[in-house]
Amino acid sequence: AQSVTQPDIHITVSEGASLELRCNYSYGATPYLFWYVQSPGQGLQLLLKYFSGDTLVQGIKGFEAEFKRSQSSFNLRKPSVHWSDAAEYFCAVGGPGGSQGNLIFGKGTKLSVKP
Amino acid sequence: NAGVTQTPKFQVLKTGQSMTLQCAQDMNHEYMSWYRQDPGMGLRLIHYSVGAGITDQGEVPNGYNVSRSTTEDFPLRLLSAAPSQTSVYFCASSYGGSNQPQHFGDGTRLSIL
């Protein structure tokens, strides 16, 4: 069965520090991988996606993620965190089934930013 | 540029009451879905639709009903509300299906007393 694990429930970093949020997935076929961000009281916004090709993908707001098939990981990174990055981040995995409702979300990592 | 619109934003119900959460999108997306979000649980899929007249169950469908009479609208019905259905509900849509980027509404926060 497909699944997504985000090992860190809550992370606190200082403004200007680098950030890495971990995501591990389990999926039998080629995964379609996503990172979403949710600000308080808001819906989810897509940060970036990986379908195929270059394993390092760039997203919005200066985020990037690297797909590592051997480690079943899709970690999100940012070189320098801004206070406005404080939010909850969700990793998600879908498959080539497309319309079959098989998009699975991790439980999320809440990011706090210290001034 | 409305995107995905959910109404109402907040609702309080009594146990046993029924209600409909509305979701509309103006992007001509074929795929629409409903999720519930509970603390520490992430998002769980309730129901989804791949086009008008076609719906299917997700991970947690019990107690919920959906229909899709038009491409734009995908309402979620609570048949007899229970306290376990207290949650934040999100509607999402996409062009190509569940493995494409989803556009989310701002959510409906529902409390069942």
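Residues numbered from 1 in each chain as written. Chains lettered and ligands numbered in written order. Predicted model: local features only at pLDDT ≥ 70, side-chain atom pairs only at ≥ 80, totals over all residues. Heavy atoms only, no water.

Trainee: Any chance you could explain the overall build of chain A here in plain terms?
Mentor: Of the regular secondary structure elements, chain A holds zero helices and 12 strands. Ordering the α and β elements of chain A from the N terminus gives β-β-β-β-β-β-β-β-β-β-β-β. For chain A, whose C-alpha radius of gyration is 14 Å, the value lies close to the compact-globule estimate of 13 Å for 115 residues. For chain A, buried positions account for 45% of its 115 residues. Considering only contacts within chain A whose residues lie at least 6 apart along the sequence, 55% involve residues at least 24 apart. Here chain A has roughly 5,400 Å² of accessible surface; of this, 48% comes from carbon and sulfur atoms. For chain A, the separation between the mean place of its 10 positive charges and that of its 8 negative charges on side chains is 4 Å. (Helix = DSSP H or I, 4+ residues; strand = E, 2+ residues; numbered from the N terminus. Rg over C-alpha atoms; globule rule 2.2 N^0.38 Å. Buried < 20%, exposed > 50% of the residue type's maximum accessible area, 1.4 Å probe, protein only. Contact = heavy atoms within 4.5 Å. Areas by Shrake-Rupley, 256 points an atom, 1.4 Å probe, with all protein chains shown as cover. Lys, Arg positive; Asp, Glu negative; His and termini not counted. Charge placed at Lys NZ, Arg CZ, Asp CG, Glu CD.)

Trainee: For this particular structure, what's the right way to read the interface of chain B and chain A?
Mentor: Many analyses report the size of an interface as the accessible area lost when the parts associate. Listed per partner, the contact involves 21 residues of chain B and 24 residues of chain A. Together, the buried faces of chain B and chain A total about 1,700 Å²; carbon and sulfur atoms form 56% of this surface. There are zero salt bridges connecting chain B and chain A. Elements with a minimum of two residues in the side of chain B that touches chain A: strand E4 (31-38) and strand E5 (42-51) of chain B. Among the elements that take part in the side of chain B that touches chain A, E5 of chain B stands out by supplying five residues, more than any other. For the side of chain B that touches chain A, the residue count by class is 10 nonpolar, 10 polar and one charged. (Buried area = accessible area lost by both parts, 1.4 Å probe. Salt bridge = Lys/Arg side-chain N within 4 Å of Asp/Glu carboxyl O. Nonpolar A, V, L, I, M, F, W, Y, C, P; charged D, E, K, R; others polar.)

Trainee: Looking at this structure, I do not really get the side chain of Ser-94 of chain B. What am I missing?
Mentor: Residue and element names in this part refer to chain B. Mapped onto the elements, Ser-94 comes out in strand E9 (residues 87-94). Among the residues examined, Ser-94 registers a relative accessible area of 0% and is labelled buried. Not counting chain neighbours up to four residues away, the residues in contact with Ser-94 comprise His-29, Glu-30, Tyr-31, Gln-100, Pro-101 and Gln-102.

Interpretation in functional terms is not warranted from these geometric data alone.
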